[in-house]
Amino acid sequence: MTTTVVITGTGVPQVDPTCAGAGVLVRTENHHLQFDAGRATAMRLAEVGVRPPMLDALFVTHHHSDHLLGVTDLVISRWIEGRINPAPLPIVAPSGPIEAFVEHLMQPWQADLELRAGHLERNDRANPVLSTFEATHDNDTEVWSDGDVRVLARRVHHEPVDPAVAYRVETPDGVVVISGDTIVCDEVAEFCAGADVVVHEAFRKDLVLEFAAHLPHLRHVAEYHADTKQLGAMAAEVGIPTLVLTHLIPALSASPDMEAGFVDDLRSAGYQGELVIARDLTTVELPRRTSATTTPQGAAT
Ligand SMILES: [Zn+2]
Ligand SMILES: [Zn+2]
């Protein structure tokens, strides 16, 4: 058996033609678990052969648009293609604003969906099924399981957006942690204990703050994202074997040496494990091989 982690989108709120919105797919022999669905997630999934009806569930880390803009697309496309699997999309999320979001998600599309239902001779509807949980800072919460695969959640720090959670996926091949958006914090460090692969957001705070004199709002953004140097120190201390950076700020497209800058920040902070600076569709497999991993579009450094 192999568990595959595919970064479906490395993007942030600003539109970048090379980056879909935030998202990670964890794929096992029998499961397709999607974590967040930013813009163009359905297209990135299709590029790796995963159609919307194939998803077992969508897990939401927090209520920020760059992680949610692709949800409507997944839900409606799943229904349209749903003669393969007509079950509405299960969405798993921490209690909070996601409840109103899901309740109203299909409302603007009612006229369209009723017309489609008529000419497709369908009685079912697209409405997703939401499962919420109370996320805590102190304990892991099991939020989903099926056979030998389970998903845990831990509340992290992305205030003023709260709740925000990280997810931990445990399969027979190993453990994957997905940070969502968060500062570097003890909760994530504890959650990463024993993980084989950690997918973490990354923010080059020192570099961004150089520009903050001209763009003061960037100071606020820096307060709720994961500084690369702090992340490197945490990853070294925890002993994370493979660290995949995504949700990159600044984007790699901002300058030719940006990727090297992310690497330098992590290495100078002491992290010596396998470091992958993700592009869209960067893929990591579990169990990890002892040899260095290279990916079609990501850099293993
Ligand atoms: Zn984000
Ligand atoms: Zn966010």
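All values derive from a computational prediction rather than experimental measurement. (Residues numbered from 1 in each chain as written. Chains lettered and ligands numbered in written order. Predicted model: local features only at pLDDT ≥ 70, side-chain atom pairs only at ≥ 80, totals over all residues. Heavy atoms only, no water.)

Visitor: Let's hear about the pairing of strand 14 (residues 283-286): which residues, and what values?
Guide: Covered by surrounding structure in strand 14 are Val284 and Leu286 only, the residues Thr283 and Glu285 on the alternate face being uncovered. Bridging between strand 1 (residues 3-9) and strand 14 involves four bridges; their strand directions are antiparallel. Within the sheet, the bridge partner assigned to Thr3 lies in strand 14 and is Leu286. (Buried < 20%, exposed > 50% of the residue type's maximum accessible area, 1.4 Å probe, protein only. Helix = DSSP H or I, 4+ residues; strand = E, 2+ residues; numbered from the N terminus. Pairing = 2+ DSSP bridges.)

Visitor: Describe the environment of His217, and please don't skip the residues or the numbers.
Guide: Checked against the element boundaries, His217 lands in helix 7 (residues 217-222). Note on His217: relative accessible area 46%, which makes it partly exposed. As a C-alpha pair, His217 and Val177 span 40 residues in sequence and 30 Å in three-dimensional space.

Visitor: Lay out the coordination of the zinc ion (ligand 1) with the relevant residues and their values.
Guide: Each pair of donors in an ideal four-coordinate tetrahedral metal site encloses 109.5 degrees, whereas pairs in an ideal six-coordinate octahedral site enclose 90 or 180 degrees. Summarising the metal site, the zinc ion (ligand 1) is bound by the protein donors Asp66 (OD), His67 (NE2), Asp181 (OD) and His247 (NE2), whose distances to it range over 2.1 to 2.2 Å. Here the zinc ion (ligand 1) is ringed by four donor atoms whose angles at the metal span 86 to 168 degrees, and the overall shape comes out irregular. Mapped onto the sequence, the donors of the zinc ion (ligand 1) take the spacing D-H-x113-D-x65-H. Taken as a pair, the zinc ion (ligand 1) and the zinc ion (ligand 2) lie 3.4 Å from each other and share Asp181 as a ligand. Of this pair, Asp181 sits in the loop between strand 10 (174-178) and helix 5 (186-191) while His247 sits in strand 12 (residues 242-249), placing them 66 residues apart in sequence. (Donors = N, O, S within 2.8 Å, 3.2 Å for Na, K, Ca; no water. Tetrahedral: all angles 85-135°; square planar, octahedral: opposite > 155°, others 65-115°.)

Visitor: Break down the environment of Gly270 for me, citing the residues and quoting the values.
Guide: Mapped onto the elements of the fold, Gly270 is located in the loop between helix 9 (258-268) and strand 13 (274-277). Residues Gly270 and Gln230, 40 residues apart in the sequence, show an inter-C-alpha distance of 9.9 Å.

Visitor: Could you give an account of the layout of surface pockets, naming the residues involved and the relevant values?
Guide: Its volume calculated, the largest pocket comes out at about 540 Å³. The wall of the largest pocket is formed by 30 residues, among which Val12, Pro13, Gln14, Leu248 and Ile249 lie closest to the centre. Breaking the lining of the largest pocket down by element, the ones donating at least two residues are helix 7 and strand 12. When the residues that make up the lining of the largest pocket are grouped by side-chain class, the tally is 15 nonpolar, ten polar and five charged. (1 Å grid on protein atoms, 1.4 Å probe; cavity = no way out; pocket = protein on both sides within 12 Å on 5 of 7 lines; lining within 4 Å. Points joined across faces, edges and corners; volume = space filled by probe spheres on them. Nonpolar A, V, L, I, M, F, W, Y, C, P; charged D, E, K, R; others polar.)

Visitor: Tell me about unusual backbone geometry, residues and numbers included.
Guide: The linkage connecting Asp162 with the following residue, Pro163, adopts the cis geometry, with an omega of 10 degrees. With respect to the helices and strands, the residue Pro163 is situated in the loop between strand 8 (149-155) and strand 9 (165-171). The omega angle of the peptide bond from Ile249 to Pro250 is -5 degrees, so this bond is cis rather than trans. Phi angles above zero are rare outside glycine, and Ala40 is one such case at about 70 degrees. Along the chain, Ala40 falls in the loop between strand 3 (32-35) and helix 1 (41-47). The phi dihedral of Glu121 is positive, around 55 degrees, even though this residue is not glycine. Mapping Glu121 onto the fold places it in the loop between helix 4 (110-119) and strand 6 (129-133).

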